[in-house]
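Here are the chains, one letter per residue:
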Amino acid sequence: MMNTAITNMFNIRYPIIQGGLQGLGTSPLVSAVSEAGGLGLITAGSYSSKEEMLEDIEAARRFTSKPFGVNIAIGIRKPMDEFVEAAIEARVPVVFTSGNNPEKYMDSLKGNGIKVVHVVPSVRFAKKAEAIGCDAVVVVGYECGGHPGREDVTSLTLIQKAVEELSIPVIAAGGFSTGKSALAAFALGAEGIQMGTRFLASKEVVLHESIKRRLIDLQETDTILVKKSIGKAMRVMKTERALELVEKERAGATLEEIFPYISGESYQELLTTGNDHSGVISLGQTIGLINEIRSAKEIIQNIVAEYEQQLERLYQNHRGE
């Protein structure tokens, strides 16, 4: 019942994709998501080198023979050429890119038989991704954890418009963590959903247990946008540290002054020690719908079951039974 253009394109059972998770999109989670029928994504930003990523790709393959991909955020902090090379060397079937335009990598990736999907926060960028040859796009609405773009448009509007104006498949992201939201995404015309926040509360993700336990008590109001002052708005968990950062930005802090809040070192400390006063962590508004830590398999099975139940209920209501 969930066979779509995306399941066919990626040769997966369910059109459920694990979003890129810096420091967390590693073999334990990736292999569990793929083994459960979704598509796990090795997140290049989790590794210090090409060799380290290749080692973890091999580790993932020891736990699953099913397809998984690589997520590469193309930005300005460091060149990502070696990680593109690693994806090609590892013969992964799909690469998801985000951030800057992936055009310079398209020939190399597609020339090696790799499907390319770009993550975008607007229809304008989605059209550009289609024009340069991307096989699909992930359209990210305002509710998402991480970077929602500058236009503050919710998934409900953004996904519908993207589907209307593109000919390549659209994957919905930003606010999706349940079977009901998956059904809504398909009703909007999407061919799949991508989830990051939901997998933060999974058994396999290598996130400190104290942070995981905190997540399941949070509400949809427990996120906040930071980094707006530097034009890179990012939705994160609302912590004392995040609130401090927002106040500094409002007071006109320089990049040098806010850097300790958003540095890779402070983020890594949060992941490994559970000290949420060290850095900030991306978190979507859908956290308000998540109240249990489950295995990736249970998460996917529950989404599929709820999707089918809700679809049946709507069908019965439509027939007046």
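All of the points below concern the structure found in this document.

### Description of the pattern of salt bridges
Oppositely charged side chains can pair when the atoms bearing their charge come close.
Thought 1: According to the stated counting rule, one finds 11 salt bridges in the structure shown.
Thought 2: The salt bridge partner of Asp-135 is Lys-110, with a shortest N-O separation of 3.3 Å. Of this pair, Asp-135 sits in the loop between α6 (123-131) and β6 (136-140) while Lys-110 sits in helix α5 (residues 103-111), and the two are 25 residues apart along the sequence.
Thought 3: Look at Asp-135 and you get buried, because its relative accessible area is 14%.
Thought 4: A single network of salt bridges, built from pairs that share partners, joins Lys-50, Glu-85 and Glu-89.

### Considerations on unusual backbone geometry
Thought 1: The residue Asn-11 is not glycine, and still its phi comes out positive at about 60°.
Thought 2: Note on placement: Asn-11 falls in the loop between α1 (5-10) and β1 (16-18).
Thought 3: Look at Asn-11 and you get exposed, because its relative accessible area is 61%.
Thought 4: A positive phi angle is found at Arg-91, which is not glycine, with a value near 60°.
Thought 5: Here Arg-91 lies in the loop between α4 (81-89) and β4 (94-99).
Thought 6: Of the residues examined, Arg-91 reaches a relative accessible area of 66% and is grouped as exposed.

### A look at the nonpolar core
Thought 1: Ranked by internal contacts, the top residues of the largest apolar core, which has 80 residues, are Met-53, Val-70, Ile-72, Val-137 and Leu-215.
Thought 2: Ranked by residues supplied to this core, first place goes to helix α14 (residues 296-319) with six residues.

### Some thoughts on helix α7 (residues 155-165)
Thought 1: Among the residues of α7, Ser-155, Leu-158, Ile-159 and Ala-162 are the ones counted as buried. Buried residues in α7, looked at end-on, bunch into an arc of 95°, giving them a common side. Exposed and oriented more than 90 degrees from the buried face of α7 are Leu-156 and Glu-164.
Thought 2: Buried residues belonging to α7 abut α6, β6 and β7 (170-173).

### Regarding the packing of aromatic side chains
Thought 1: The final tally for this structure, using the stated rule, is two aromatic pairs.
Thought 2: When the ring of Phe-10 is compared with that of Phe-96, the centres are 6.0 Å apart and the planes differ by 55°; the resulting orientation is tilted. Note that Phe-10 is positioned in helix α1 and Phe-96 in strand β4, a separation of 86 residues in sequence.
Thought 3: Arranged with centres 5.7 Å apart and planes meeting at 85°, the rings of Phe-186 and Tyr-307 form a pair that is edge-to-face. Of this pair, Phe-186 sits in helix α8 (residues 179-187) while Tyr-307 sits in helix α14; the two residues are 121 residues apart in sequence, bridging distant segments of the chain.

Cut-offs applied
- Residues numbered from 1 in each chain as written.
- Predicted model: local features only at pLDDT ≥ 70, side-chain atom pairs only at ≥ 80, totals over all residues.
- Heavy atoms only, no water.
- Salt bridge = Lys/Arg side-chain N within 4 Å of Asp/Glu carboxyl O.
- Helix = DSSP H or I, 4+ residues; strand = E, 2+ residues; numbered from the N terminus.
- Buried < 20%, exposed > 50% of the residue type's maximum accessible area, 1.4 Å probe, protein only.
- Core = buried A, V, L, I, M, F, W, Y, C linked by side-chain atoms within 4.5 Å.
- Arc of directions from axis to C-beta.
- Contact = heavy atoms within 4.5 Å.
- Phe/Tyr/Trp six-rings, centres within 6.5 Å; stacked < 30°, edge-to-face > 60°.

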